[in-house]
Amino acid sequence: MDPVADAELIRDIDVFNRQEAQHYKTHEQFNEIVVRSGYPEFRVHEDSLKAEYDEWVRTKDLEWLLRYCEAFESTVAVGAGQWVDYGWGDFMLGADDRVVELWRWHLAEEYEHRTVVHRVFHRVCTGSPGEVYDKRIEGLNSFLEHLQRVITPLRAYLLGVDRAAMSREERAISEEREAEVDAANERSFAPVADVMSPSWDPATLPAPRELDQVLERYS
Ligand SMILES: [Fe+2]
Ligand SMILES: [Fe+2]
C-alpha cells in the first residue's frame, strides 16, 4: 500500500488490529472460564481452530486470507444488531450480564470497523470486477461452511455436558429450546443475502439502535 494515497486506510487498519487484539484477549479469558466451569473439552475445540488458523497463515496466500476475513467481518456486521439491540430477547433471560455485555461490546466494535477488511480486500484483490466479485462470494461460501463445521460439534459437546445432568423432561425442554434458537439464528442470518449482492457495501449498513450507548460505555 502507498503510505500517502492509502494513509486513511492504513490508519483504519491500525485501529482495527488494536480492536481485534482486545477482542481476542477478552474472549480468551471468557473461554478459560468456560473450560474451568465443567467443559474441559472446550479447550480441544479451541486448540484445533487455532491450529487451523495457524496453518492457513502459513499456507494460504494474502488474497485467500482477505477473502475469509472479509466474509467473517461482513457476516458479523450484518448480525451486530442481534446482540447490540438485544435481538435474542427471551433467550437471554437468566444469562450472566457480564457475558451478554461482552458480546454487545464486541459486536458494537464489529459494526464500527465493518468497512476496513472490505476496503483492504478491494484494494489488494486482482482481476476484473466480475472476477473480484466471484472471489468474494467464494470466500463467503467457504467461510459459512467453515463456521458450521466449527460450531456444530462444539455446540453438541456443550449441550451434551448440560443434558447429561438433566431429567428426561428437562432434556425435552432443552431440545425444544435448541430448535427455537436455530429458527432465531436462521432469521438473524437473513441479511447475509445482502452480503451476497454484487453491490454489497458495509458502509451503508444501518447502525444498531443502541450502538452509541454501548460504544460510549466502553470508550
Ligand atoms: Fe472482533
Ligand atoms: Fe472484526
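Residues numbered from 1 in each chain as written. Chains lettered and ligands numbered in written order. Predicted model: local features only at pLDDT ≥ 70, side-chain atom pairs only at ≥ 80, totals over all residues. Heavy atoms only, no water.

Once that is clear, we can look at the overall build of the chain. What the chain contains, in helices and strands, is 10 helices and 0 strands. Listing every helix and strand of the chain by position from the N terminus yields α-α-α-α-α-α-α-α-α-α. At 19 Å, the chain has a C-alpha radius of gyration in line with the 17 Å of a compact globule built from 219 residues. Overall, the chain is about 65 × 40 × 30 Å in size when its C-alpha atoms are taken along their principal axes. Burial statistics for the chain: of 219 residues in total, 36% are counted as buried. Partitioning the intrachain contacts of the chain with sequence separation of at least 6 by distance along the chain shows that 78% fall at a separation of at least 24. As displayed, the chain has an accessible area near 13,200 Å², and 56% of this comes from carbon and sulfur atoms. Of the charged side chains in the chain, 25 are positive and 44 negative, and the gap between their average positions amounts to 2 Å. (Helix = DSSP H or I, 4+ residues; strand = E, 2+ residues; numbered from the N terminus. Rg over C-alpha atoms; globule rule 2.2 N^0.38 Å. Buried < 20%, exposed > 50% of the residue type's maximum accessible area, 1.4 Å probe, protein only. Contact = heavy atoms within 4.5 Å. Areas by Shrake-Rupley, 256 points an atom, 1.4 Å probe, with all protein chains shown as cover. Lys, Arg positive; Asp, Glu negative; His and termini not counted. Charge placed at Lys NZ, Arg CZ, Asp CG, Glu CD.)

On inspection of all chains with the given rule, the structure shows 11 aromatic pairs. In this structure an aromatic cluster arises from ring pairing among Tyr53, Trp56, Trp64, Tyr68, Phe72 and Phe143. The ring of Trp64 carries Lys60 above its face, with NZ or CZ at 4.4 Å from the centroid. Just above the ring of Tyr111 sits the side chain of Arg114; from NZ or CZ to the centre is 3.9 Å. (Phe/Tyr/Trp six-rings, centres within 6.5 Å; stacked < 30°, edge-to-face > 60°. Lys NZ or Arg CZ within 6 Å of the ring centre and 35° of its normal.)

Within the element layout of this structure, Phe121 appears in helix H6 (residues 116–124). Residues Phe121 and Leu66, 55 residues apart in the sequence, show an inter-C-alpha distance of 5.7 Å. When residues no more than four places from it in sequence are discounted, the contact partners of Phe121 are Leu66, Arg67, Glu70, Val132 and Arg136.

On average, the chain scores 94 in pLDDT, and the residues at 70 or more come to 100%. Across the chain, the secondary-structure element scoring lowest on mean pLDDT is helix H9 (residues 192–196), at 89, and the one scoring highest is helix H2 (residues 42–59), at 97. (pLDDT = per-residue confidence, 0-100.)

Moving on, we come to the coordination of the iron ion (ligand 2). Taken together, Glu20 (OE), Glu73 (OE), Glu73 (OE), Glu110 (OE), Glu110 (OE) and His113 (NE2) make up the protein donors of the iron ion (ligand 2), found 1.8 to 2.6 Å from the metal. One way to put it: the 6 donor atoms around the iron ion (ligand 2) meet at angles of 54 to 140°, and that makes the site irregular. Between consecutive donors of the iron ion (ligand 2), the numbers of intervening residues give the motif E-x52-E-x36-E-x2-H. Between the iron ion (ligand 2) and the iron ion (ligand 1), both coordinated by Glu20, there is a metal-metal distance of 3.7 Å. Of this pair, Glu20 sits in helix H1 (residues 7–36) while Glu73 sits in helix H3 (residues 62–78); the two residues are 53 residues apart in sequence, bridging distant segments of the chain. (Donors = N, O, S within 2.8 Å, 3.2 Å for Na, K, Ca; no water. Tetrahedral: all angles 85-135°; square planar, octahedral: opposite > 155°, others 65-115°.)

Our next topic: the nonpolar core. Most often, soluble globular proteins have nonpolar side chains that are buried together. By size, the foremost hydrophobic cluster in this structure holds 26 residues, and its most contacted members are Val78, Leu107, Ala108 and Leu205. Among the elements of the structure, H3, helix H4 (80–84), helix H5 (97–112), helix H7 (129–164), H9 and helix H10 (211–218) are those that each provide at least two residues to this core. Looking at which element gives the most residues to this core, the answer is H3, with 6 residues. Ignoring anything within four residues of it in the chain, the contact list for Leu205 reads Ala77, Val78, Tyr111, Arg114 and Trp200. With 9 residues, the next largest nonpolar core counts Leu9, Phe16, Val120 and Val132 among its residues. (Core = buried A, V, L, I, M, F, W, Y, C linked by side-chain atoms within 4.5 Å.)

Around the iron ion (ligand 1), the donor atoms from the protein are Glu20 (OE), His23 (ND1), His106 (NE2) and Glu110 (OE), and they sit 2.0 to 2.2 Å away. Taken together, the 4 donor atoms surrounding the iron ion (ligand 1) define angles of 85 to 156° at the centre, an arrangement classified as irregular. Each donor residue of the iron ion (ligand 1) belongs to the same chain, and together they define the spacing E-x2-H-x82-H-x3-E.

This brings us to the pattern of salt bridges. Per the stated rule, a full pass over the model turns up 20 salt bridges. Close ionic contact of Glu32 with Arg43 constitutes a salt bridge, the shortest N to O distance being 2.5 Å. One end of the pair, Glu32, is in helix H1; the other, Arg43, is in helix H2, with 11 residues separating them in the sequence. Residue class for Glu32 comes out partly exposed when judged on its relative accessible area of 28%. (Salt bridge = Lys/Arg side-chain N within 4 Å of Asp/Glu carboxyl O.)

What follows concerns H2. The end-to-end C-alpha distance of H2 is 26 Å, a good match for the 26 Å that 18 residues give at a rise of 1.5 Å each. Listed as buried for H2 are Phe42, Glu46 and Trp56. Buried residues of H2, seen end-on, are gathered within an arc of 85° and therefore sit on one face of the element. Opposite the buried face of H2, at more than 90 degrees from it, the exposed residues are Val44, Arg58 and Thr59. For H2, the elements touching its buried residues are H1, H3 and H7. (Expected span 1.5 Å × (residues − 1). Arc of directions from axis to C-beta.)

Turning our attention to the side chain of Glu109. Within the secondary structure layout, Glu109 lies in helix H5. Summary of buried charges: Glu109 has no salt-bridge partner, and the nearest side chain of opposite charge, Arg18, is 11 Å away.

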